[in-house]
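Given next are the chains, with one letter for each unit.
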Amino acid sequence: MKQDFYSITEEETLSAVASHGDGLTEEEAARRLEENGRNKLAEGKKTPLWKRFLQQLADPMIIILLVAAVISLVVSFAGPPEEREFADVIIILSVVIINAVLGVVQESKAEAAIEALKQMTAATTKVLRDGKQITVKSEELVVGDVILLEAGDAVPADARLLECASLKCEEAAMTGESVPVEKSVAAIPQREDGREIPLGDRKSMVYMGGTAVYGRARAVVTATGMDTEMGKIAGALAEAKEEKTPLQLKLAQLSKILTYVVLGICAFIFLFQLLAAGDFGWGAILDTFIIAVSLAVAAIPEGLAAVVTIELSIGVTRMSKKGAVIRKMSAVETLGCTEIICSDKTGTLTQNKMTVVETAMTENEPLLARAMALASDATPGENGEAVGEPTECALVNFAGKVGPDKNALAAEAPRIGEIPFDSDRKMMTTVCQTADGLVQYTKGAPDEILARCTAIDDGTGARPMTDADREAVLAANKGMADRALRVLAAAYKPLTAAPTDYSSAAMERELVFCGLTGMIDPVRPEVKEAINECRTAGIRPIMITGDHKDTAVAIATELGIISSPEEAITGAELNEISDADFAEDVQKYSVYARVQPEHKLRIVRAWRAKDKVTAMTGDGVNDAPSIKGADIGVGMGITGTDVTKNVADMILADDNFATIVGAAEEGRRIYDNIRRAIRFLLSSNLAEVVGIFIFTVLGLFLSGLGLPGLGDNLLLPTHILFVNLITDSLPALALGMEAAEANIMNRPPRKKNEGIFAGGMAFDITYEGLFIGLLTLTAYLIGHYVFHDDNDGMTMAFLTLSMAEIFHSYNMRSERGSIFSVKSHNKLLFGAMALAFVLTLGVIYIPFFREAFQFAPVSLGEYAIALGLAFTVLPVVELVKLLRRRIGK
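These numbers come from a predicted model, not from an experiment.

Participant: Explanation requested: the overall build of the protein chain in the structure shown.
Facilitator: Of the regular secondary structure elements, the protein chain holds 34 helices and 25 strands. The buried share of the protein chain, reckoned over its 889 residues, is 55%. Carbon and sulfur atoms form 59% of the exposed surface of the protein chain, whose accessible area is close to 37,400 Å².

Participant: Honestly, the pattern of salt bridges in this entry has me stumped. Any pointers?
Facilitator: It is possible for side chains of opposite charge to pair when their charged atoms get near one another. Considering all chains together, one arrives at 44 salt bridges under this definition. Note that Glu28 is salt-bridged to Arg31, the shortest N-O span being 2.7 Å. One end of the pair is Glu28 and the other is Arg31, both in helix 2 (residues 26-36) and three residues apart, which spans about a single turn. In this structure Arg31 comes out as partly exposed when scored by relative accessible area, which is 41%. Notably, a salt bridge pairs Arg813 with Glu738, separated by 2.8 Å at the nearest N-O pair. With Arg813 in the loop between helix 30 (790-811) and helix 31 (827-845) and Glu738 in the loop between helix 28 (729-735) and helix 29 (761-786), this pair connects stretches of sequence that are 75 residues apart.

Participant: Just checking my understanding: could you explain the packing of helix 29 against helix 34 (residues 873-888) for this structure?
Facilitator: The geometry of a pair of packed helices is captured by two quantities: the angle between their axes and the separation between those axes. The N-to-C vectors of helix 29 and helix 34 enclose an angle of 150°; their axes lie 11 Å apart at closest approach. Classified by the interaxial angle, the pair formed by helix 29 and helix 34 is roughly antiparallel. Along this stretch, helix 29 crosses helix 34, giving a crossing that reads as right-handed. Along its contact with helix 29, which presents Phe763, Asp764, Tyr767, Glu768, Phe771 and Ile772, the element helix 34 presents Val873, Val876, Val877, Val880 and Arg884. Of the residues that constitute the contact of helix 29 with helix 34, the class distribution is eight nonpolar, no polar and three charged.

Participant: Explain the sheet that holds strand 9 (residues 340-344) here, please?
Facilitator: In any sheet, the strands associate via hydrogen bonds between backbone groups, in a parallel or an antiparallel arrangement. Pairing is mixed across the open sheet formed by eight strands, whose spatial order is 8-25-24-23-9-20-22-21. Each having just a single partner strand, strand 8 (324-326) and strand 21 (568-570) make up the two edges of the open sheet. Each neighbouring strand pair of the sheet contributes to a mean axis angle of 20°, computed without reference to strand direction. Looking at chain direction, strand 20 (residues 540-544) and strand 22 (residues 591-593) are connected through two bridges and run parallel. The residue bridging Ile544 from the neighbouring strand is Tyr592, located in strand 22. Those strands touched by helix 23 (residues 597-609) are strand 9, strand 20, strand 22 and strand 23 (614-618), and its axis lies near 175° from that of strand 9.

Participant: I'm lost on the packing of aromatic side chains in this one. Help?
Facilitator: For any pair of aromatic rings, geometry is given as the distance between the ring centres together with the angle between the planes. The tally for this structure, following the rule as stated, stands at eleven aromatic pairs. Seen from their ring centres, Phe722 and Phe798 are 5.6 Å apart, and the 55° between their planes marks the pair as tilted. Of this pair, Phe722 sits in helix 27 (residues 717-727) while Phe798 sits in helix 30, placing them 76 residues apart in sequence. We note that Phe722, like Phe798, is buried. Taking the centre distance of 5.3 Å and the plane angle of 80° together, the rings of Phe848 and Phe849 count as edge-to-face.

Participant: It is not clear to me how the nonpolar core should be interpreted in this structure. Could you clarify?
Facilitator: Core analysis: the biggest nonpolar cluster contains 127 residues, and Phe513, Leu516, Ile561, Met650 and Ile678 have the highest contact counts within it. Top contributing element to this core by residue count: helix 26 (residues 658-704), with 16 residues. When neighbours within four sequence positions are excluded, Ile678 is seen to be in contact with Leu251, Leu254, Leu304, Ser683, Ile756 and Met761. Among the nonpolar cores identified, the runner-up in size contains 43 residues, and Ile197, Tyr592, Ala606 and Ile627 belong to it.

Participant: Could you clarify how one ought to interpret the side chain of Asn811 in this entry?
Facilitator: With respect to the helices and strands, the residue Asn811 is situated in helix 30. On the basis of relative accessible area, Asn811 is assigned to the buried category, the value being 0%. Here Val873 takes part through its backbone oxygen, which lies 3.4 Å from a polar atom of the side chain of Asn811. Once residues lying within four places of it in the same chain are set aside, the contact partners of Asn811 are Ile819, Val873, Leu874, Val877 and Lys881.

Participant: Help me understand the packing of helix 33 (residues 860-871) against helix 34 in this model?
Facilitator: At their nearest, the axes of helix 33 and helix 34 sit 5 Å apart, and the two run at 10° to each other. As the angle between them shows, helix 33 and helix 34 are arranged roughly parallel. From helix 33, Leu869, Ala870 and Phe871 reach across to helix 34, where they touch Val873, Leu874 and Pro875.

Participant: Explanation requested: the side chain of Ser814 in the structure shown.
Facilitator: Here Ser814 shows up in the loop between helix 30 and helix 31. Within polar-contact distance, the side chain of Ser814 engages the backbone nitrogen of Gly817 at 2.9 Å. For Ser814, the contacting residues outside a window of four places in its chain are Arg676, Glu741, Val822 and Lys881.

Participant: Please clarify how unusual backbone geometry should be interpreted in this entry.
Facilitator: What is expected of a backbone is that most residues other than glycine have negative phi and most peptide bonds are trans. Phi angles above zero are rare outside glycine, and Ser166 is one such case at about 55°. Note that Ser166 resides in strand 4 (residues 158-170). Residue classification places Ser166 among the partly exposed residues on the basis of a relative accessible area of 25%. You will see that Asp611, though not glycine, has its phi angle at about 60°, which is positive.

Participant: I tried to follow the pairing of strand 9 on my own but got confused; where do I start?
Facilitator: Consecutive residues of a regular strand have side chains that alternate between opposite faces of the sheet. Burial runs high along strand 9: five of the five residues are buried. On strand 9, burial covers both faces: Ile340, Cys342 and Asp344 on one face and Ile341 and Ser343 on the other are all buried. Sheet topology note: the strand 9/strand 20 ladder contains five bridges and is parallel. Following the sheet pairing, Ile340 is matched in strand 20 by Arg540. Relative to strand 23, strand 9 is paired through four bridges, and the arrangement is parallel.

The rules behind each value
By convention here, each chain's residues receive numbers from 1 onward along its written sequence. Whole-chain, interface and lining totals are the exception, using all residues; otherwise, since this is a predicted model, local features are given only for residues with pLDDT of at least 70 and side-chain atom pairs are given and counted only at 80 or more. Side-chain metrics in this entry use all non-hydrogen atoms of the structure; hydrogen atoms and water are not considered. Helical segments are the DSSP runs of H or I of at least four residues, strand segments are the runs of E of at least two, and each set is numbered from the N terminus. The cut-offs for exposure are 20% and 50% of the maximum accessible area for each residue type, with area from a 1.4 Å probe on protein chains only; residues under the lower value are buried, those over the upper are exposed, and the others partly exposed. Using the Shrake-Rupley algorithm and a 1.4 Å probe, accessible areas are obtained, with residue cover drawn only from the displayed protein chains. Throughout this description, the term salt bridge denotes a Lys or Arg side-chain nitrogen within 4 Å of a carboxyl oxygen of Asp or Glu. Only C-alpha atoms enter the line fits that serve as axes; for helices the fit covers just the stretch in contact. Angles between N-to-C directions range over 0 to 180 degrees. For this classification, under 35 degrees means roughly parallel, over 145 means roughly antiparallel, 65 to 115 means roughly perpendicular, and everything else is oblique. Left-handed describes a crossing in which the near helix is turned anticlockwise from the far one by less than a right angle; the clockwise case is right-handed. Note on contacts: a residue pair is in contact if any heavy atoms of the two residues lie within 4.5 Å. Any residue outside Ala, Val, Leu, Ile, Met, Phe, Trp, Tyr, Cys, Pro, Asp, Glu, Lys and Arg is labelled polar, Gly included; the first ten of those are nonpolar and the last four are charged. Two strands are counted as paired when DSSP detects at least two bridges linking them. The rule is short: rings of Phe, Tyr and Trp, with Trp giving its six-membered ring, pair when the centres are within 6.5 Å, and they are stacked under 30 degrees, edge-to-face over 60, tilted in between. Residues grouped as a nonpolar core are buried Ala, Val, Leu, Ile, Met, Phe, Trp, Tyr and Cys residues, joined through side-chain atoms within 4.5 Å. Throughout this description, a polar contact denotes any pair of N or O atoms lying within 3.5 Å of each other; where both atoms belong to protein, one of them has to be capable of donating a hydrogen while the other can accept it, and for residues adjacent in sequence the pair is counted only when both atoms sit in side chains.

Such coordinate-based values are descriptive only and should not be taken to indicate function.
Pasting the structure below:
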């Protein structure tokens with residue numbers, strides 16, 4: 001049965017874990033460590049290299065390529081030994097292997113970057129063993145160990161407090177609460193309704209993943225490793241199901257379409273030619289089969305899988321330079337269609353650093369800053385930022401901005417005594433020796449400080465406090481509190497002699513009020529602009545936080561996430577809404593406050609149920625389930641926990657929310673460029689299919705009429721592979737470097753169920769493929785009939801097809817706009833076009849390659865005709881774009 005240690009006494013807890021106040025013996029600790037294992041979270045099994053390689057081969061496009069290789073191999077063995085050629089098989093397998101290696105290498109780089117981001121939560125811990133304090137590795141802790149905590153220590157395991165001296169723990173990683181929790185040894189009574197006490201309210205417990213920021217404590221370990229609250233969350237993540245990204249779904253859809261097209265065309269041509277010829281001998285069957293294979297090879301875009309992988313890899317590299325580590329190449333594309341971004345507030349939208357942003361009721365700000373700093377235990381760190389409890393850090397940083405820093409103040413006025421803060425008094429007092437004598441400084445809750453003041457400093461000195469002064473202080477306090485500021489007051493009192501009685505009753509009275517400070521965890525300066533960009537791009541930001549509702553509303557209003565408090569809801573209010581009602585009303589809310597991890601996952605699921613592509617950002621362990629459940633999870637590299645980083649699809653190395661906007665733009669750019677590549681490659685494949693199909697039917701038609709027929713082949717399989725893998729793939733890769741179009745972040749996200757051919761792309765592919773196919777056939781007919789040579793016809797067809805594709809790649813720089821309106825310069829595309837041009841000429845004019853490809857030397861006139869035919873693709877596509885723009889208007 002589960003034991004709620006927070007609800008039982010210290011003695012009952014020690015008994016339950018078979019320990020005592022002086023800790024375990026070394027012998028007993030070693031026995032428990034051997035029996036229960038180390039205090040660390042279980043790591044997911046690493047996928048072996050060979051399996052990762054095979055996973056790359058499981059892609060539908062790769063499977064189609066492998067089928068083409070098998071067909072080519074069968075055809076080669078079916079022919080006479082002297083005519084067997086394995087060039088097609090070698091080329092296809094090379095493409096498959098290169099593509100798989102690229103994928104594995106890129107994913108390995110991403111994993112290495114994540115390993116570099118990981119940091120140990122708590123490397124060592126102070127523990128009592130055999131009644132003595134020693135330091136052990138945190139992973140060697142066992143249930144029953146008594147640990148010692150002080151400010152700055154990371155909590156290494158779940159533990160029940162035994163002793164507590166003003167302990168405050170920062171538990172944002174677990175609860176999302178940015179303000180440290182005041183701890184107490186007192187047991188927390190169970191609720192009458194039997195519901196579990198929320199994690200953030202279990203003040204008698206400390207949890208793995210938390211940090212002690214103030215005070216000290218002694219506690220007994222109640223859970224280690226995967227049995228901790230952090231471990232339970234980490235364990236639940238392994239059960240989540242991996243889902244395919246929109247791009248993977250679209251490519252799978254494309255592969256399915258191509259499979260049907262290939263099988264249909266091959267079967268039709270095979271049967272049509274056999275029936276038309278009336279010859280069913282083995283030789284006729286083999287010849288017909290070779291034509292069918294040529295069509296199959298022509299219909300399959302052999303370079304597409306490699307092009308998509310490389311373009312995604314390029315995008316991943318670009319993102320890493322902008323502060324993001326992509327764990328999966330296809331994940332960056334998902335951001336391009338993201339419609340909802342659910343973001344944790346603390347540390348993601350805000351800086352996770354309390355900051356004084358306002359003062360009130362003071363005529364002497366340096367005096368107020370001095371009082372606040374000298375009544376605090378935080379001190380300036382090496383980088384100038386204070387170290388200690390966050391609220392006190394804010395006060396010390398404030399003092400450094402207003403005047404001398406805390407170190408200088410402490411040197412001028414050393415502390416000689418103090419009354420520590422406690423949650424009953426809600427204040428802290430120090431006594432300092434100044435040049436003008438002893439001075440007492442007190443800071444704390446405004447109402448408590450005000451009740452102990454009899455005077456107020458008006459800038460010239462102390463004067464008696466009036467009722468009007470008190471009303472003004474209370475009004476100023478309420479005004480700041482209403483804006484979600486955390487308000488503290490400060491007071492002082494000159495002393496004539498060193499106190500002998502450091503009790504609150506003796507000292508914390510007859511004080512001089514000197515002002516109020518209002519502080520808040522401020523928003524990151526770049527976030528407001530990033531959220532504005534999100535809205536322009538049709539992306540809705542959602543804030544999800546463990547903080548109080550008024551704080552969340554204030555931050556969300558400042559950022560422009562909401563315009564009315566009615567758009568905010570608490571976790572308790574969410575519990576009262578049924579799943580069915582929430583599914584209907586989820587769009588009403590943009591801020592969720594005081595939520596638990598299960599709420600976050602419920603919110604993400606509700607948006608996804610509305611078919612919205614949802615991203616979740618965050619850094620704490622409490623974000624991890626919803627990060628895993630979202631379409632894309634975004635973890636924080638600096639403040640993020642290991643659990644969150646391990647489940648995120650993308651990690652922000654700079655913890656900068658604005659980087660997400662860049663990622664969304666990059667995702668859209670990549671998807672646009674992949675669509676360009678698909679359009680370009682498929683129009684080429686269609687041109688080849690159209691050319692071969694019409695060539696075959698025309699040849700049979702002429703033979704049936706008793707007229708001189710055409711030659712054996714329009715193009716050989718090897719020619720088609722050269723065009724697909726060299727002439728087409730080089731420019732297609734270069735199109736991946738095309739800059740984003742000017743309006744890319746001014747249009748709404750595409751729907752995840754949007755087809756790969758949406759937006760008229762199917763029409764574009766069809767007319768472009770038909771036109772280039774007819775150009776190719778025309779070139780063959782000129783070579784065959786005008787120059788009276790079958791090989792001349794095949795060579796001119798190849799030359800025209802290759803050159804047309806080179807020119808056509810330039811058309812792809814803009815989907816609808818004129819190529820003359822594109823302002824950017826894609827030097828890589830120009831280089832790829834030039835290289836494809838040189839290689840095309842090389843296989844025709846270099847004797848060795850010309851003979852291998854069975855080409856004929858072409859004259860200057862033949863070359864000019866082929867080049868002229870190919871060039872016409874530029875004005876024709878430009879004309880169609882113009883007509884479509886006119887129709888669109």
